[in-house]
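This is what each chain is made of:
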Amino acid sequence: NNMDPQNSVQDVHQCDLCETAIVNSYCDFCHVNLCIACIGKHISDGYDKHKIFPFQERRSTLIYPICRTHSHKNCKFQCKDCDKIFICSSCTASAQHRGHTFLEVSEVYNTRKDIIGKDTEELENLISPTYEEIALDLETQLANLDGGYEKLTTTISKQGEQWHREIDIIINKLKTEISEIKVKHRAILQKYLVDIKQTQSLITKTLQAIRKIEQSTEISPTNEYRSKLTELRKLPPKVKVTLPTFIPKRIDGETLCSLFGHITPLSTATEENFLSLNQSKTSVKELLDEPELVATIQTGYQNLRSVTYLNDDCVWTYGLTNDMKCFNINGSLLQAVKTKSEERPSDIAVDRDGNLLYSIRTAGTVFKVNNGQPKDFIRLHGWGPCNLCVTSTGDLLVTMCRDDKTQSKVVRFSKSTEKQTIQFDDKGIPLYSGNDKIKYITENGNHDICVADWYAHAIVVVNQDGKLRWRYTGHPSVTGKKPFDHCGITTDSQNRILTADSDNHCIHILDQNGQFLSYIDKCDLKDPWGVCVDNNDSLFVCEYYKSSVKKIKYLE
């Protein structure tokens, strides 16, 4: 890497022994910086494992964790069957780990290093500059705010000069209204700017953290690294708050107040921003003519209902039992968790920290699994949680039904605090069928909330404010023989919506406005149920009776 001349002075390293001379060499066994004079002193103990390298070639030896059981050995393996704990070669031969599967930590380390490098590149070259652009635009709007409102005030004043003294009260009233709108305008822009600045701060801290990990050879922080880019790729709206305008009317003494004019309401327009991992190369991914089956995972359930993406080609699944299973793409079982109350879950999701969430409607509770142990996360009274979705901002969307099974609604939670309820349209008519039937839910990249209302045979889509946008009830090319029998629902990086049609053995694909685009009926799909999409837009589909999860490539 090229060194920044302005920072080169502070990058000079000193000898760890004398702490004064400039470093020249590095002991790759002891991990010590050495000057020329101190090399002899360092190796004078006669210890034959010292490895002296030029300082520029340091960090070539990995620093393995010390085994907790065998303190004289380093941990060069991880046990997949024991939550990937670090173990040494002696541990692999012990009774505790007999028959278990082991991973070489160096391979995991190299994989994580690759992810860290890619994350660093995307943060520096794509995400961070885009946030800079949004912040600059907001700052420009704020800088032009006074001038715009000053022009508006001047226009009103000139119009008022043509009127009699008796309309001064009206003019003052309108000016006051403008001042109030201006305050709201400023508050809107400042709120968005504060949010952007906070995210920029998070990006900076994330970059600092992963750069530190990049420069480190410690196994633990590197292997424990979890990417936070999923939420950062989904950019906030690009805010454009339109100045109100003054619309004058000709003078009419009898209708003075109404004819003087009015100020248009404050208008906030949002221009959505979307980032995908390959946005720098292409922003549009077209549908494949022939979807490809990538892998099949056998789960062992009798009735497989849901799948949710974790990371690195790992998924959580559940069926009509009281346990949830995590598999990798090779079909290996990585972890199994039983529900706290021995009841079967209603749905599962994974939060931004990689923790498993699950709901049990009859218990009125959403649980969070920490270190393999379920704990109460959200407790409801009079309502039962059904299906779950973690949003791009980390909120939790929950479809729920009333205990008497007469009403349904969607509730947004920030952590465990309720912050939004979506239940009725503008005419007071329920948006969702009132029952305890499945209502899978997902958030689209434009922040629309999409619910697959199975009983109503409809996809119901509202915007982030809960206003109804559209409904989809199937397409003749797919549902010519049997009714639209949708179950799971998910979205991809192109804001397309994918929903499983169990009776017609296919996946419907819609655009963000509810227009039918295509369907997937290849790959020998049978009774598709739950669906999810990973960070690379690969589709995972549950087959209800075959109890398998199929990974399908459907985009170019």
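Residues numbered from 1 in each chain as written. Predicted model: local features only at pLDDT ≥ 70, side-chain atom pairs only at ≥ 80, totals over all residues. Heavy atoms only, no water.

**Thoughts on the overall build of the protein**
Across its full length, the protein holds eight helices and 34 strands. Out of the 556 residues belonging to the protein, those deemed buried represent 46%. Taking as baseline every contact in the protein between residues at least 6 positions apart, the subset at least 24 positions apart corresponds to 51%. Roughly 28,800 Å² of accessible area belongs to the protein as shown, and the carbon and sulfur atoms make up 47% of that amount. (Helix = DSSP H or I, 4+ residues; strand = E, 2+ residues; numbered from the N terminus. Buried < 20%, exposed > 50% of the residue type's maximum accessible area, 1.4 Å probe, protein only. Contact = heavy atoms within 4.5 Å. Areas by Shrake-Rupley, 256 points an atom, 1.4 Å probe, with all protein chains shown as cover.)

**Comments concerning the UniProt feature "repeat: NHL" (unreviewed entry) in the protein**
In the UniProt entry, the feature "repeat: NHL" (unreviewed entry) is given for residues 488-513. Here residues 488-513 is 0% helix and 54% strand, with 19 Å between the C-alpha atoms at its ends. (UniProt positions renumbered as here; feature names shortened; annotations may be inferred.)

**Notes on the packing of aromatic side chains**
Inspection of every chain in the model, using the stated rule, returns six aromatic pairs. Seen in terms of ring centroids, Tyr358 and Phe367 are 4.9 Å apart; in terms of plane orientation they differ by 20°. Their pairing is stacked. With a relative accessible area of 0%, Tyr358 lands in the buried category. Judged by its relative accessible area of 4%, Phe367 falls in the buried class. Measuring from ring centre to ring centre gives 4.5 Å for Trp529 and Tyr544, while their planes differ by 35°; the resulting arrangement is tilted. With Trp529 in strand S32 (residues 528-533) and Tyr544 in the loop between strand S33 (538-543) and strand S34 (548-555), this pair connects stretches of sequence that are 15 residues apart. Classification of Tyr544 by relative accessible area gives buried; the value is 10%. Taken together, the aromatic side chains of Trp529, Tyr544 and Tyr545 make up a single cluster linked through ring pairs. The ring centre of Tyr192 lies 5.6 Å from the NZ or CZ of Lys191, which sits over that ring. (Phe/Tyr/Trp six-rings, centres within 6.5 Å; stacked < 30°, edge-to-face > 60°. Lys NZ or Arg CZ within 6 Å of the ring centre and 35° of its normal.)

**So, the pairing of strand S30 (residues 506-510)**
Taken across its five residues, S30 has five buried, putting it largely inside the fold. Side-chain alternation along S30 places Cys506, His508 and Leu510 on one buried face and Ile507 and Ile509 on a second face that is also buried. Across five bridges, the pairing between strand S29 (residues 497-501) and S30 is antiparallel. When the sheet's bridge partners are listed, Asp501 is paired in S30 with Cys506. Where S29 folds back on S30, the antiparallel hairpin that results is connected by four residues, among which His505 adopts a positive phi of roughly 55°. If you look at the hairpin formed by S30 and strand S31 (residues 516-520), you'll find five residues sitting between the two strands, and Gly514 has a positive phi there, around 85°. (Pairing = 2+ DSSP bridges.)

**Describing the side chain of Ser25**
Relative to the elements of secondary structure, Ser25 occurs in strand S1 (residues 25-27). You can call Ser25 buried: its relative accessible area is 6%. In terms of polar contacts, Ser25 uses its side chain to reach the side chain of Asn24, at 2.8 Å. Residues in contact with Ser25, not counting those within four places in the same chain, are Val32, Asn33, Leu34, Ile39, Ile52, Phe53, Pro54 and Phe55. (Polar contact = N/O pair within 3.5 Å; in protein donor to acceptor, adjacent residues only side chain to side chain.)

**What about the nonpolar core?**
Counting residues in hydrophobic clusters, the biggest one holds 45 residues, and the most contacted among them are Trp316, Met324, Tyr440, Ile459 and Phe540. One finds Leu123, Ile127, Tyr131 and Leu145 within the second-largest nonpolar core, a separate group that totals 31 residues. (Core = buried A, V, L, I, M, F, W, Y, C linked by side-chain atoms within 4.5 Å.)

**Overview of the environment of Gln190**
Looking at where Gln190 falls in the secondary structure, it is placed in helix H5 (residues 168-215). Of the residues examined, Gln190 reaches a relative accessible area of 38% and is grouped as partly exposed.

**Focus: the packing of helix H3 (residues 105-143) against H5**
When two helices pack together, you describe them by how their axes are tilted relative to each other and by the distance separating the axes. Taken N-terminus to C-terminus, the directions of H3 and H5 make an angle of 160°; their axes are 9 Å apart at the nearest point. Between H3 and H5, the interaxial angle falls into the category roughly antiparallel. Like other packed secondary-structure pairs, H3 and H5 cross with a definite hand, here left-handed. Here the residues of the contact of H3 with H5 sort into 16 nonpolar, nine polar and nine charged. (Axes fitted to C-alpha atoms, helices over the stretch in contact; angles between N-to-C directions. Parallel < 35°, antiparallel > 145°, perpendicular 65-115°, else oblique. Left-handed = near helix turned anticlockwise from the far one by under 90°. Nonpolar A, V, L, I, M, F, W, Y, C, P; charged D, E, K, R; others polar.)

**Let's talk about the pairing of S29**
With five of five residues buried, S29 is to be regarded as a mostly interior element. Judged by which residues are buried, S29 turns out to be covered on both faces: Ile497, Thr499 and Asp501 on one side and Leu498 and Ala500 on the other are all buried. The hairpin turn running from strand S28 (residues 486-491) into S29, its antiparallel successor, is five residues long, and Asn495 in that turn takes a positive phi close to 65°.

**Observations concerning the sheet that holds strand S14 (residues 323-328)**
Whether parallel or antiparallel, the strands of a sheet pair through hydrogen bonds between backbone atoms. Across the sheet, which stays open at both edges, the four strands sit in the order S12-S13-S14-S15 with antiparallel pairing between neighbours. Every other strand in the sheet has two partners, leaving strand S12 (304-311) and strand S15 (333-338) as the edge strands with one partner each. Between one strand axis and the next, the sheet turns through 20° on average, direction left out of account. Of the strand pairs in this sheet, strand S13 (residues 314-319) and S14 are connected by five bridges, and their pairing is antiparallel. Bridge pairing in S14 links Val315 to Phe327.

**Topic: the sheet that holds S34**
Pairing within the open sheet is antiparallel, and its four strands lie in the order S11-S34-S33-S32. The sheet terminates laterally at strand S11 (287-298) and S32, the two strands that pair on one side only. Here the average twist between neighbouring strands, direction ignored, is 25°. Bridge count for S11 against S34 is seven bridges, and the pairing is antiparallel.

**Section: the pattern of salt bridges**
Taken as a whole and judged by the stated rule, the model has 21 salt bridges. Between Asp436 and Arg361 there is a salt bridge whose closest N-O contact spans 3.6 Å. Of this pair, Asp436 sits in the loop between strand S23 (417-422) and strand S24 (439-443) while Arg361 sits in the loop between strand S17 (356-360) and strand S18 (365-370); the two residues are 75 residues apart in sequence, bridging distant segments of the chain. One salt bridge in this structure joins Asp395 and Arg412, with 3.5 Å as the shortest N-O distance. Placement of Asp395 in the loop between strand S20 (383-390) and strand S21 (396-402) and of Arg412 in strand S22 (residues 408-414) is noted, with a sequence separation of 17 residues between them. Summarising the burial analysis for this pair, Asp395 and Arg412 share the class buried. Within the structure, one salt-bridge network assembled from shared partners comprises Asp524, Glu543, Lys546 and Lys550. (Salt bridge = Lys/Arg side-chain N within 4 Å of Asp/Glu carboxyl O.)

**Thoughts on the side chain of Ser216**
With respect to the helices, strands and loops of the structure, Ser216 is situated in the loop between H5 and helix H6 (219-223). The contacts of Ser216, once residues within four sequence positions are left out, are Tyr109 and Lys113.

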